[in-house]
Amino acid sequence: INNGHGTTLLEYWTIATWNVRGVNQKMTDIIEEINKRQIQILVVTETKKKGRGSLEIDDYIFLYSGKEKENRAAAGVGILIHESLKSRILSYSWINERIISVKIRTGRNHCNIIGVYAQGEGERKNSEIFYKRLQECMNKTGKKEYSLVVGALNARVGRLTIQKIVRPNAENTLNVNRRLRDF
């Protein structure tokens, strides 16, 4: 960030993800942990929270997207953002119960945090739909923007070595989300 005096200051955010297996009875504990660890942005997966919305909880805003209210609680993804970044939120989108996106101003640029919770094993058709929606989100990234995909991708990509990502000592197993290798 340029401070207006010709000096560029570096700014760091601590961004994390946590699969909570149901958020409703755990929010106090989650907030306590992210405060302890000084996390500014937390992508929460498997929230099992119904509907879409935003809540102010202590020093955070919680944006969430889940199953429709008439459906059984399952899946769900949300993003907790510290109040120090609240004024930088430019927009957010609820894509579906597995993808949510928030655009945050970072100096002269924008950062898209895309929170994801991919399907597990055995859901090939839904996995294809998931990656299609994720690609659509990525395609909306502007020239002066960058995107971070954060969350649970539930991918088992096998022993294919990908420099700085997957080492040759990875497991042999592939699952339906192995598509992550080609994403």
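Engineer: Go over unusual backbone geometry, please, and point to the residues and values.
Structural biologist: Phi angles above zero are rare outside glycine, and E46 is one such case at about 50 degrees. Examined against the element boundaries, E46 turns out to sit in the loop between strand 2 (41-45) and strand 3 (52-57). Its identity as a non-glycine residue notwithstanding, A75 has a phi of 55 degrees, on the positive side. Considering the arrangement of structural elements, one finds A75 in the loop between strand 4 (60-65) and strand 5 (77-82).

Engineer: Mind laying out the sheet that holds strand 2, listing which residues take part and the relevant values?
Structural biologist: On the basis of which strands lie adjacent, the open sheet formed by 5 strands has the order 1-2-5-4-3 and mixed pairing. Each end of this open sheet is capped by a strand with a single partner; those strands are strand 1 (15-19) and strand 3. Between one strand and the next, the sheet's axes are offset by a mean angle of 15 degrees, whatever the strand orientation. Pairing analysis gives 6 bridges linking strand 3 to strand 4, with the strands arranged antiparallel. By the bridge assignment for strand 4, S54 is matched with L63.

Rules and cut-offs
- Residues numbered from 1 in each chain as written.
- Predicted model: local features only at pLDDT ≥ 70, side-chain atom pairs only at ≥ 80, totals over all residues.
- Heavy atoms only, no water.
- Helix = DSSP H or I, 4+ residues; strand = E, 2+ residues; numbered from the N terminus.
- Pairing = 2+ DSSP bridges.
- Axes fitted to C-alpha atoms, helices over the stretch in contact; angles between N-to-C directions.

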